[in-house]
Amino acid sequence: MPTPPDVVDRETWLEARKELLEREKAMSRQLDELAAARRQLPWVRVDTDYAFETESGTKRLAQLFDGREQLVLWHFMYGPDWDEGCPSCSFWADTYDGTRAHLAARDATLVVCSRAPLEQLSAYRARMGWEFPWVSSLGSTFNQDFGVSFPDGGAHGATYNFGAVTEPMEEHHGLSIFALDDAGDVHHTYSTYGRGVDILNNTYMTLDLTPKGRDEDRLEWSMAWLRRRDSYDE
């Protein structure tokens, strides 16, 4: 059971809550300022003709926009020889389907991308009950170019999250944003990795409101508690 920091009357609690509310409002304003600054980042034109395997055949990056001007692309950790997708990425992916229609209403398409063969991705998606579009970048350098896949494990001067790789792994997670200009050219506008995607995980954000929070401090590693959604009863 969680241990209360203190137990007080309602009036004392309300005073403390209002003090915290001022800090929360200040943080909200800072997040608004960060979002505005993010929108002012310069763009980089994507000149490489990347090919992706999709359930509708081979597509180029511009075709993944599906008629919209913005592309939200999740880098899901699923290597070519893996039996299952990453449980942590699956944790995030549980929220994707619900947001797709809302993103589309604001001119943004959501796509998930991994290096595993398309048939493996489709089978795992069916197992998990997801419906979002999932494409395979196997055979291209897309994942390597956007800093989420490292054939040598990232042990030889590779960078992840805009710094040297500190935890050598074949695959890492992240999110990249792309936009089309008036000429139809694809541009890379933003990427975030590591804990930069925390704010997009509804379960973590909800747990942060509870007395016990994420309750991960005593674990061997922070997400040691996590299971795929269909595996908690095992």
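## Topic: the nonpolar core
- Ranked by internal contacts, the top residues of the largest apolar core, which has 26 residues, are Trp74, Phe76 and Trp134.
- Contributing elements (two or more residues each) for this core: β4 (70-75), α2 (87-93), β5 (108-114) and α4 (118-128).
- The leading source of residues in this core is α2, at 4 residues.
- Contact partners of Phe76, with chain neighbours within four places excluded, come to Gly85, Cys86, Cys89, Ser90, Ala93, Val112, Cys113, Ser114, Tyr124, Trp130 and Trp134.

## Let's talk about the pairing of β5
- Where burial is concerned, most of β5 is hidden: 7 out of the 7 residues are buried.
- On β5, burial covers both faces: Ala108, Leu110, Val112 and Ser114 on one face and Thr109, Val111 and Cys113 on the other are all buried.
- When β4 meets β5, the two strands line up parallel, connected through 6 bridges. Its bridge partner being in β5, Gln70 is matched across the sheet by Ala108.
- Pairing geometry for β5 and strand β6 (residues 134-136), over 3 bridges, is parallel. Looking at the pairing, Val112 lines up with Trp134 of β6.

Cut-offs and rules
- Residues numbered from 1 in each chain as written.
- Predicted model: local features only at pLDDT ≥ 70, side-chain atom pairs only at ≥ 80, totals over all residues.
- Heavy atoms only, no water.
- Core = buried A, V, L, I, M, F, W, Y, C linked by side-chain atoms within 4.5 Å.
- Buried < 20%, exposed > 50% of the residue type's maximum accessible area, 1.4 Å probe, protein only.
- Helix = DSSP H or I, 4+ residues; strand = E, 2+ residues; numbered from the N terminus.
- Contact = heavy atoms within 4.5 Å.
- Pairing = 2+ DSSP bridges.

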